[in-house]
Structure formats: structure tokens, C-alpha cells
Amino acid sequence: MTDSQSRHQSRSFQSQGFWADAWARFRRKPLAMAALVFVTLLAAVALLAPAIAGTKPVLCRYKGRIYAPCLGYFDRRLEPTIFAKDRFRGTYPRNLKEKDADSWAIWPLVFQDPHRAVRENEWPGRPANPAKDEGRPNGINLFGTDQYGVDVFAKMVHGTTIALLVGVVSMGLAGTIGIIVGALGGYFGGWVDMLTSRVTEIVMCVPTLVLILAVIAIVEKPTIWKTMAIIGATGWTGIARLTRGEFLRLRQSEFVTAARATGAGPVRIMLRHILPNALAPVLVPITFGIASAILTESSLSFLGFGPPPPAASWGSLLNDARSNLSMWWLVVFPGVAIFLTVLAYNLIGEGLQEVTDPRLREARK
Amino acid sequence: MATYLLRRLLLGMLTLVAITFIVYGLARNMPGTPLTVQMGESDPSRKLNPEDQERMKRIYGLDRPWHEGYLRWLGNVVRGDLGRSFSRKQPVTTLIGERIGPTFLVSGTALVLAWLLGVPLGLYASARSGMADERATSLLLYILYSFPTFVAALFLQIVFSVWLRGTAWELPLFGMSDLPADASWAARAADIARHAILPVTCQTYVSLAYDSRFIKANMEEAVRQDYIRTARAKGAGPGRVLFHHAFRNTLIPLVTLLGLSLPGLIGGSVIIEQIFTWPGMGRLFFESIRERDYPTIMGLTLMFSVLTLIGQLLADLLYCLVDPRVSVE
Amino acid sequence: MPLLEINNLVTAFHTPAGRVPAVDGVSLSIERGKTLGLVGESGCGKSVTAMSILRLVAAPGVIEAGEILLRDATGAAVNLVTLAEPRLREVRGGRIGMIFQEPMTSLNPVFTIGDQIAEAVLLHRDVSRAEARGRALEMLELVRIADPKRRLDEYPHQLSGGMRQRVVIAMALACEPDLIIADEPTTALDVTIQAQILDLLADLRQRLGTAILLITHDLGVVAETCDDVAVMYAGRIVEQAPAATIFARPRHPYTIGLLAARPERGGHAGRKAGERATGRLRTIPGMVPAPQNFPAGCRFHPRCAFARLPECAGAMPELREVATGHFVRCPYADALGEPRRLDEPREQIA
């Protein structure tokens, strides 16, 4: 009974029923669902970062027009030039009132800047951020301040974007390379397979961190995007091996023979017939790969190869902490954030594995 | 068997040449040379004048294009010469020899501890599968598995070196030994051991979590097989079914894991050695990249790649040993 | 006194989708030295019944009710359902041996044939390793494996499917059990090998006097080897009788349908049961219901050509003795037993 059922299900990987079924099973896993909610929440934080913590108004009315200076946190060019012309120098609260008495503004939830320390009276009646090792977490600096007085909470909120992007972008790249290399090797076999397998093996043999450090040292002006590209370009070997295995297996299945009999070309067979069936097992290492990409990026930042300032990833916060160990808040908050994110992706990956692997599924039924 | 080994050896050589070629190319194309990076960073006034730089470049062979430099390096390697470190003025082999001990001390201890604890833990978890205590243990292992090493290292440093400072529990923050070289042998050993506790802990917990989860996953896979039902139908008890029939099959993927952990055993962990300023191979690697010390980078890359290939070969040979279905031919 | 007696066995699987009663009140008995064939389509619960006897039902499956009595030579019985685990292990492989469907996977790939047979001996007898090995050699000779001395030190992957099934049989018989449970022992094998294995089983039964519970969906296998036959449908026994009676005079509509659905080979009963030399193969309309949605009343009535509504959808019919040793779970069995009446199916009330 169970045997014939599972055989039936494993054959219909590409059908809508398979994914709907997988989703229904996934929803019953409390840990995996909690992880998914957490990641969604992180994405919301990343998207709304300037509205959560910043010193630039989310929206303001100034000299008769409405502006959104907070967009400047995403890209400097998005900050309306009028404020630079009027010599705001980044200090909005006082300048707005002084230069236009009729102005109003909606402020971010937390008035703190990720790039600099907030000065005394910048926000009327508030003291300057404490610097050195005196910035313990308090009501104003939720997660404390670093040695230069920059608010850790603001830094972390704005660093969320990096943490999320690193995982998605680098694994998107690694997934693409891995699937292409694995698919070619697995489908064509012969000398193609020989070549792709050897290349995969070579990339596998080079210690990842060394490869990444070397490449980062080569590229001029490392940016976070280049780091992502490098992590992606070195992290595809596992995906390639798995894809190769799946293609090798599915290449001999009846439906591929049937497709070939109707005259479908290799590209069509690979894309339309094999790939949808191989997708579920390949998705699992990609999810785990996101976790390890985040880990790699924060290790790199931790070693001092992070994104150039003023951008700060969670890992570079930890790097600051190394020389100031008595400032425990510099370790605890970013450390826990990295850990929770990695844990969340691992839990999602594990959940995905359990709901898409027919063997595991049967055992847990 | 002989032909198999010969084939593997030739393929391995080919892979080695490819890897070292890539890394040499990468290293030589990094901005800066050992001369500019080293002198310029430490003291701008000591920056070499152009003539001296040219003279030094000639001495080190940096005046020629990098592919020529690679061929020269390869030729020397074949003759058994890994070259001299630019920044440390010592033969690379000597440097490696100095660093291998400390790394092995940490990673060897960690490996043994991880397996000693991880195997029973994994077996325990699969024996008690589904029970409350197993779920708690597995969740804890999962959390450990996702906990980044460098975060854990910093936490440990804060707890044992900052908060517990002045108590009997205080542990040294970094380095391998504080005692002078003329201290007694026993005192030095105790001091090194104290310094090693935190790095070993950090390296152990990750592998421990990984190993035990690996064993549990493979045991669960084995327990679902038909031959387990046969064993139970024969009248074998749960202990015998688990440890004799299932574990013997789990051994097969386990030896692969063991083989793959060989390079890490000697190569060390860059992050952990960097955090605890442990004078091992990982730190040497990191420093040599920063100093553009090509001979050391290449020597370490070669060694690491050789170890990876040996580890793979070892895993495959062990595989034949534990799985009767696989033969070398 | 039967050797094994199963009374009202209920085995259910507790899945997230709800309770699935795969075996729902099965009663069976096997006499010493006899062969009982348990027949049914896939999913009817026959394998779960077999697994329940040795309590080998996998995780979400639970034996919820009933008793399974195993008697020794003196007639003293133990209930396998409630027997303590250590005592049950003495029965497994000791007094009841088991043969599985998949010879390719039911042997442990990392141990030699000799070790695996010797293990069965060592688990139940107080003998030395060498003696156990000697017994393993004897068993390989008994199941007619060529060159047994060499095979003893070979691994399962070095043997063909038929040979592996012989090894499994050798293992099941190593401790001279009173009963062998053979769960589709030939389904996974080639037809020629099937015949050899069945011959071997029949021969061993004669020589050793072991009773056999043969689980199969193949009526041909039953006709050749069994003394008695029990037909299962949707978790219940619907008909039980001596093999000759079942083939000559089936009384339950399901059995009649099964026999009619057989290809020509050796089944004159099939023709009698409704197929008048038209040369066409009859099938039973509809599908076996999944245990989650068993119909009310007689579980076969939606597919039954002779069903009377609403009676058949009302109460579950009882299993009753219509002739000596012939039990049928159908109120109209007496009428159905008469071949003449069968050619005119009753008009169905829709």
C-alpha cells in the first residue's frame, strides 16, 4: 500500500500536486514554519530598515514639498539634493524647524544612525551617544554603542540587508552554475562528464576560504556584491554533484525516452522534462548553502575582509568586538543575529528535505 | 589494485597541477608584492626606492611573468624544494614543520574528542528516536551545529577571559604559551594545555554536532532497510539489531567522513587559529596571504591539496574495506 | 488443536490523516504441518496480518485488539500479542520462521551468507560458533544451493535472486521452527525460479513437517501448494475453506470474481464461475477501497455483481460455516454456491 503510493508520488514531482502536498506537510512542521516566519520578518526589517532606525525622516514636508530623505540609506543619490543645498549636513531635526517653521516630518522608530554617532541635542534634549566602552545597552541605545559611539541596533538593522542578500544572491549564482555544470555532466556523460567532474573536483579541493581570500585580494575595491559573487562562484560544487546524480538517474527514465521518441532536443529534454523532476532534491542543498554563505560572509567580515565602510555587516561588528572584549554587547547581539539566521535557514532546509524526500516522507508518515 | 592506485595517482597529479596553477595565478595577481606590502605597511619611511625594488624583484624572481614563475616553482617542487618564505626568511618546509605541531595538537584532540562523544551520542539518539530526551538532545545538537564558530569563540573568550578574570576559572585569551622557554617541561605542558582548552572546545563542538547528526541520519536510513526486518524476524534483540546490523552499514558513509576530515586535521582552521592567535597552519596561511608571501602560500596550498587527495583516496580504500559490494577494480 | 490461532486481530496505522485499520478483525487457524494460503489483492491487509503475528509491524502500526495463540507440542498456548519482548524473540526465528518478498534487500549486504544463517542458530541454540557454521552449511545443502562450502563465505550481492531467496529460506528453517510465514516469497522472482522455490518449500514441508502460512495474490501458487485457503478483502477474511473446495465451489462473490479473473492456466473453476468460454478475461469492476474509506456493511458490496441493496450496505455480514470447514462472509452464500444460479446475476437495485 505505502509502497505503491510513494512510487506514484515520486513520479509526479513536477505536478502541482507534489508542491501543494509538500507545502501542506511543511506547514505542519512548527520549527520549520517558525524559521520561515523569522526569515520573512528579517526581509521586512531589511526592506524597512530606514524607517526602523535612522536620523533622516521617513517622510517630511519642507518648503512646500514632500520628501522621503530616508531613501538616502539605500543609495546616496536617492536623498533629495535640496537638503544638501540648504546645508543640512545630515542633521535633520533642528534644521527642518529652523529653516522652515511650517515643516513636519515622520521620523524612524528609533532615532539612531548606522554610520555615525548621534551628537548631543541632535534630537532635542537627548545626550550624545556614549563612546569607548561606556555604551552599554539602555533605553536610547537598545543594543548599546560601539567604541566610536555608533548605535549597534541601527548598525544591525541596516546590516540585515547584507545578511539576506548574501545568502540569496550568492546561492542564486551557485545554484545556476551548479545546475548547469551538473546537468551537462549528468545528461551527456562521456567526455563532457569527465571534464565537468574534474573541474568540480578541483574547485572542491581548493580550500574555500583561501580561494575567496585570494580572489577578494585581487579584485580592486571589494564591494559586498563582489564578495557575494565570489562566494557563489566557489560554492556550487555540492549542487553540481547532486544535480549530476539526479540527471544521470532521470536520463534513463521512461518519460525521457518517451520525450526523445517524440523528437525533443537535448535542451528541451533537460529544461522541460528532467529539471522539474530534479528540482526538489537540488533545492535542499541550496537552502543549506544559503546558511553557509551567510556564515562565510560573516567570517570574512570578521577577519576584516568585509564590505567597505560605512556599510557594516553583522560580521564586521564582531570584528570590532575582538579588540574590545569587555563590550560584550558588541558580541552578543550580532552573534545571536548571525546564529538565528543560520539556524533558520538550516531548519527550513531540513524541513524541505523531510517534505520532499519520498523515503523520509514515508518513514515519518 | 596496482593499476587502480597508479591511475588514481596520475589523476591526482593532474589535479594538483591544476590547483597549484590556479592558486599561483591568483596569488601573483593580487595587488602589491611582498616587497611593497611588507615594507610599506610596517613603516612608510622604509619604502624601498625603485632601484632597490627592481634588484629585489630580480632576486625573488618577480620580474618575470607569472606563468614562468609557476613553471620555475613547479620545477623546484619536483626536486623537493618548496622555496624560502619572503617575509620570514626561512625555508617554507621549516615553517610548515614549526606550525604543524600546534595545529595537530588542537585539531587532533578535537577530532578524537568529537568522535569519542559524537558516535555514542549519534547512536543514543537513533536508539531513543522519538523519545523526549532524544528530541531535546537532537535540538541541542542542531543549535550547536548552526552556531558559528567565531561567535562561540568570542562568547567563550568573554566568559573565561573577561568575566572570570582573577578566578580559578580564568583561561588565557590567546597564544599558546606564556612561559619562557627555560621553564620546566611539565609546567610548559600544563600551560600549553590551558591555552588549548578554548580552541579545542570551539573546534570540537562543531564536528561533534555534525558527526552525531550524520550518524543519526545514516542510522535512521539503515533501520528502514528490509534486512533490519529480517534480523528482527530472526529473533535479534533491539541492541543487536541496532549495533550489529544497522551500525555496521552506517560505518560505510562514516569512513568517507573520516577520510574527508584528514586535510582539516593538518590544515587547521583559519578562523579559530586567527581568533586565539594560535601559531598553527591556518594562521600561517592567513598571514602569508596578507603578506603576499607566494612561496608560503604555494607550499601550504600544495600540502592542503595533497592531503585532500590522500583523504579521498583513503576514504575510497576504506570504503572497499567496509563494504563488500565495492571492490577496487 | 491448531498450531496457530488468530482471533479477531485488529492492526491499525495511526497516521496524521487518521486511524487506518489495515487488519480489521481477522481470525485464522493453521494446523500442524499444513499449508494455509492467505490470498487477496494488494492492500487487503494480508502482509500486515503476517507482520502482526511476529509483531513486526512498522512504527505507526499498532496491534489494537485480538489474540494470536501459538501452541507447542503439548498443546500449551502463548498469546503472541501480549508476550513479553524477550520471550517473543525466542519465538521469532525459533518457533516461527519468516520469509520475505524481496530477496534482494532482505539480506544484510555487509555480512556473509554463513554469518547470517549462523546468527539465526546462535540466537536460539546454545552452540559454539563452529557448530553454528556447520549448521549453516547443512542448511545450504538442504535448500539445494550448489557448492555450499564456497557460498558460506560469500556476500549477498554475489548471489542471484533465486539463490538469495534460498538463503532466506535456509535462515528461516535453521532452528527447525513449527511454522514458516512466507510473505509473497516468489513475487519478486522470475517465473522459472518461482516454480523451483515453491517446489523447494513443498518438499521441505514434507521432510520437516513444518506448517506454512503462505501469503500471496497468485491463485496459481495457492492451487499448487496449499491445503487450506483464506481469502482476504479490505482487512477481513471473506471466505475460508480447503483449497479443493475453494477452487471447485467458491461461495463468496469476491472469491468467485478472483477466480474468474484468472487467466486460463489450470482454472476450470474460473470458467464455471461465470465465464462462458467467451475467451475474454473477467475483471472485478471498481477498485479496492482504501482503509480510510471502507464502505459500510459488506465491504465488497459496491463492487459485487450479486449485491442486494439496501441489505448489503446495512450490517457487516458474519463469517459463517456453510459446509463443513467452509466459512463465508456473505448471507447469500448458499445460493451462490450453486453454479447454475451464477450465470444469472441478480438485478441490481441502484
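Thresholds applied
Residues numbered from 1 in each chain as written. Chains lettered and ligands numbered in written order. Predicted model: local features only at pLDDT ≥ 70, side-chain atom pairs only at ≥ 80, totals over all residues. Heavy atoms only, no water. Domains from an automatic or database assignment. Buried area = accessible area lost by both parts, 1.4 Å probe. Salt bridge = Lys/Arg side-chain N within 4 Å of Asp/Glu carboxyl O. Polar contact = N/O pair within 3.5 Å; in protein donor to acceptor, adjacent residues only side chain to side chain. Helix = DSSP H or I, 4+ residues; strand = E, 2+ residues; numbered from the N terminus. Nonpolar A, V, L, I, M, F, W, Y, C, P; charged D, E, K, R; others polar. Buried < 20%, exposed > 50% of the residue type's maximum accessible area, 1.4 Å probe, protein only. Contact = heavy atoms within 4.5 Å. Pairing = 2+ DSSP bridges.

Colleague: Describe in detail the domain arrangement of chain B, supporting the description with residues and values.
Modeller: For interface size, the figure often reported is the accessible area lost on association. All names here are of chain B. Per the domain assignment, the segments making up chain B are domain 1 (12-78) and domain 2 (92-322). A separation of 34 Å is found between the C-alpha centroids of domain 1 and domain 2. Summing the contributions of domain 1 and of domain 2, the shared interface buries around 1,400 Å²; its carbon and sulfur component is 82%. Seen at the junction of domain 1 and domain 2, the total is zero salt bridges. Where domain 1 packs against domain 2, one counts zero residue pairs in polar contact (both at pLDDT 80 or more). When residues of the side of domain 1 that touches domain 2 are traced back to their parent elements, those giving at least two are α1 (2-28), α2 (34-42) and α4 (66-78). With nine residues, the single largest contributor to the side of domain 1 that touches domain 2 is α1. Of the residues belonging to the side of domain 1 that touches domain 2, the class tally is 12 nonpolar, five polar and one charged.

Colleague: I'd like a rundown of the pattern of salt bridges, residues and numbers included.
Modeller: Across all of its chains, the model carries 37 salt bridges over all chains by this definition. With a closest N to O distance of 2.6 Å, D316 of chain B and R8 of chain B form a salt bridge. Separated by 308 residues along the polypeptide, D316 of chain B in helix α14 (residues 294-322) and R8 of chain B in helix α1 bring together distant segments of the chain. A relative accessible area of 21% places R8 of chain B in the partly exposed class. Here D24 of chain C and R299 of chain C are joined by a salt bridge, their closest N and O atoms 2.6 Å apart. Note that D24 of chain C is positioned in strand β2 (residues 18-30) and R299 of chain C in the loop between α11 (268-272) and β11 (320-323), a separation of 275 residues in sequence.

Colleague: Before we move on, can you summarise the interface of chain B and chain A with the specific residues and values?
Modeller: With 43 residues of chain B at the interface, the matching set in chain A holds 42 residues. Both faces considered, chain B and chain A share a buried interface measuring about 3,800 Å² in area, 80% of it formed by carbon and sulfur atoms. Contact with chain A buries surface across chain B, with Y142, F150 and L154 of chain B losing the most and accounting together for 15% of the total. Here chain B and chain A share one salt bridge between them. With a shortest N-O distance of 3.0 Å, R213 of chain B and E350 of chain A are connected by a salt bridge. Here chain B is connected to chain A by four residue pairs in polar contact (both at pLDDT 80 or more). Every element with two or more residues in the side of chain B that touches chain A is listed here: α1, α6 (132-146), α7 (149-163), α8 (185-223), α12 (270-275), α13 (281-290) and α14 of chain B. With eight residues, the top contributor of residues to the side of chain B that touches chain A is α7 of chain B.

Colleague: Any chance you could break down the pairing of β11 of chain C for me, citing the residues and the numbers?
Modeller: Residues and elements named next belong to chain C. Bridge analysis of β11 against strand β12 (residues 326-328) gives three bridges, and the strand direction is antiparallel. The residue of β12 that forms the bridge with A323 is H326. Between β11 and the antiparallel strand that follows it, β12, lie two residues; G325 among them carries a positive phi value of about 75 degrees.

Colleague: Which residues make up the interface of chain B and chain C, and what are the values?
Modeller: Taken together, the contact pairs 20 residues of chain B with 25 residues of chain C. Taken as a group, R229, K234 and P324 of chain B account for 30% of the area that chain B buries against chain C, more than any other trio of residues on that side. For the interface between chain B and chain C, the tally reads two salt bridges. In this structure, E119 of chain C engages K234 of chain B in a salt bridge whose closest nitrogen and oxygen atoms are separated by 2.7 Å. Inspection of the chain B/chain C interface yields 12 residue pairs in polar contact (both at pLDDT 80 or more).

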